[in-house]
Amino acid sequence: MGPFDRAVEQHGVTVLRVCRALLPPADADDAWSETFLAALVAWPGLPPGTNVEAWLVTVARRKALDVLRGQARRALPVETLPEPPAPRPFDEVLARDDELLDAVRGLPHRQRVAVVGHHLAGLSHREVAEATGVSHDAARRAASDGVAALRTALVPPPPPPAPPSDPHRALPPAPRRRRPGGPS
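Keep in mind the model is a prediction, meaning the values are calculated, not measured. (Residues numbered from 1 in each chain as written. Predicted model: local features only at pLDDT ≥ 70, side-chain atom pairs only at ≥ 80, totals over all residues. Heavy atoms only, no water.)

Draft legend 1. Spatial organisation of helix α2 (residues 25-42). The end-to-end C-alpha distance of α2 is 26 Å, a good match for the 26 Å that 18 residues give at a rise of 1.5 Å each. Here α2 has its buried residues at Asp-27, Ala-28, Ala-31, Thr-35, Phe-36 and Ala-39. Looking at the buried positions of α2, the neighbouring elements they touch are α1 (3-22) and α3 (52-73). (Helix = DSSP H or I, 4+ residues; strand = E, 2+ residues; numbered from the N terminus. Expected span 1.5 Å × (residues − 1). Buried < 20%, exposed > 50% of the residue type's maximum accessible area, 1.4 Å probe, protein only. Contact = heavy atoms within 4.5 Å.)

Below is the structure:
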């Protein structure tokens, strides 16, 4: 098995996570394939010591952007509507995963790229900064803001405490004071 085969084996899942976080599921597989086709062409000229994972994540992000740009240029049919897709079977885990991915896709671009790169692809903030062309502090701040936005979107606020039915009964009885010189 050659070095490129090992790179696909080691980083294929990470690249797929990046593609799935940035694109709808139907397009993510195509972007994954395009990423590794482009990587295969560029592989012989890759400088020694390159962080292959960060490089592949950058290629995947660019391929995903190409797919999104291509979608904006596609003509939409107006006479007939496509058949609606068959309903997916309900599965709580899949539903939660879809909810999370939808929330990630709803983040602003810079936050989405930082969250995907750092938390899904496992890159350091410095590597995310290098891959996206922003400063280390900006990449770290974008990831932090993105996670905060995801928490706000996905974690429901705790319910307010129920008011006591009788405010006098809600208080515990007052402690009894001992009298000096009395029985102990």
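Resuming the write-up.
Draft legend 2. The arrangement of the pattern of salt bridges in detail. In total, this model carries four salt bridges according to the counting rule given. In this structure, the salt-bridge partner of Asp-102 is Arg-105, at a minimum N-O distance of 3.3 Å. Taken as a pair, Asp-102 and Arg-105 lie in helix α4 (residues 92-105) at a separation of three residues, close to a single helical turn. Given the relative accessible area of 23%, Arg-105 is considered partly exposed. Residues Arg-141 and Asp-145 are paired through a salt bridge, measuring 3.0 Å at the closest nitrogen-oxygen approach. With a gap of four residues between them, Arg-141 and Asp-145 both fall in helix α7 (residues 136-154), about one helical turn apart. On the accessibility criterion, Arg-141 (56% relative accessible area) is exposed. (Salt bridge = Lys/Arg side-chain N within 4 Å of Asp/Glu carboxyl O.)

Draft legend 3. Molecular detail of α7. Between the first and last C-alpha of α7 there are 27 Å, a value that for 19 residues agrees with the 27 Å anticipated at 1.5 Å per step. Within α7 the residues assigned to the buried category are Ala-139, Ala-142, Ala-143, Gly-146, Val-147, Leu-150 and Leu-154. Along α7, the residues classed as buried sweep out an arc of 130° about the axis, all on the same side. Along α7, exposed side chains directed more than 90 degrees from the buried face belong to Asp-137, Arg-141, Arg-151 and Thr-152. (Arc of directions from axis to C-beta.)

Draft legend 4. Summary view of the packing of helix α5 (residues 109-120) against α7. Running from N to C, α5 and α7 cross one another at 95°; their axes reach a closest spacing of 8 Å. Taken together, the axes of α5 and α7 lie roughly perpendicular to each other. Residues Arg-110, Gln-111, Ala-114, Val-115 and His-119 of α5 touch α7, and the partners they reach there are Ala-139, Ala-142, Ala-143, Asp-145, Gly-146, Val-147, Ala-149 and Leu-150. Residue composition of the contact of α5 with α7, by class: eight nonpolar, three polar and two charged. (Axes fitted to C-alpha atoms, helices over the stretch in contact; angles between N-to-C directions. Parallel < 35°, antiparallel > 145°, perpendicular 65-115°, else oblique. Nonpolar A, V, L, I, M, F, W, Y, C, P; charged D, E, K, R; others polar.)

Draft legend 5. Geometry of the environment of Asp-29. One can find Asp-29 in helix α2. According to the relative accessible area criterion, Asp-29 is partly exposed, its value standing at 40%. Expressed as a C-alpha distance, the spacing of Asp-29 and Val-15, which sit 14 residues apart in the sequence, is 10.0 Å. Setting aside its immediate chain neighbours within four residues, Asp-29 contacts Leu-16 and Arg-20.

Draft legend 6. The arrangement of the packing of α2 against α3 in detail. One way to put it is that α2 packs onto α3 with a least axis distance of 9 Å and a crossing angle of 130°. When the axes of α2 and α3 are compared, the pair comes out oblique. Seen from above, α2 lies across α3 with right-handed handedness. Residues Asp-27, Ala-31, Glu-34, Thr-35, Phe-36, Ala-38, Ala-39 and Ala-42 of α2 form the contact with α3, whose participating residues are Trp-55, Leu-56, Val-59, Ala-60, Lys-63, Val-67 and Gln-71. Residue composition of the contact of α2 with α3, by class: ten nonpolar, two polar and three charged. (Left-handed = near helix turned anticlockwise from the far one by under 90°.)

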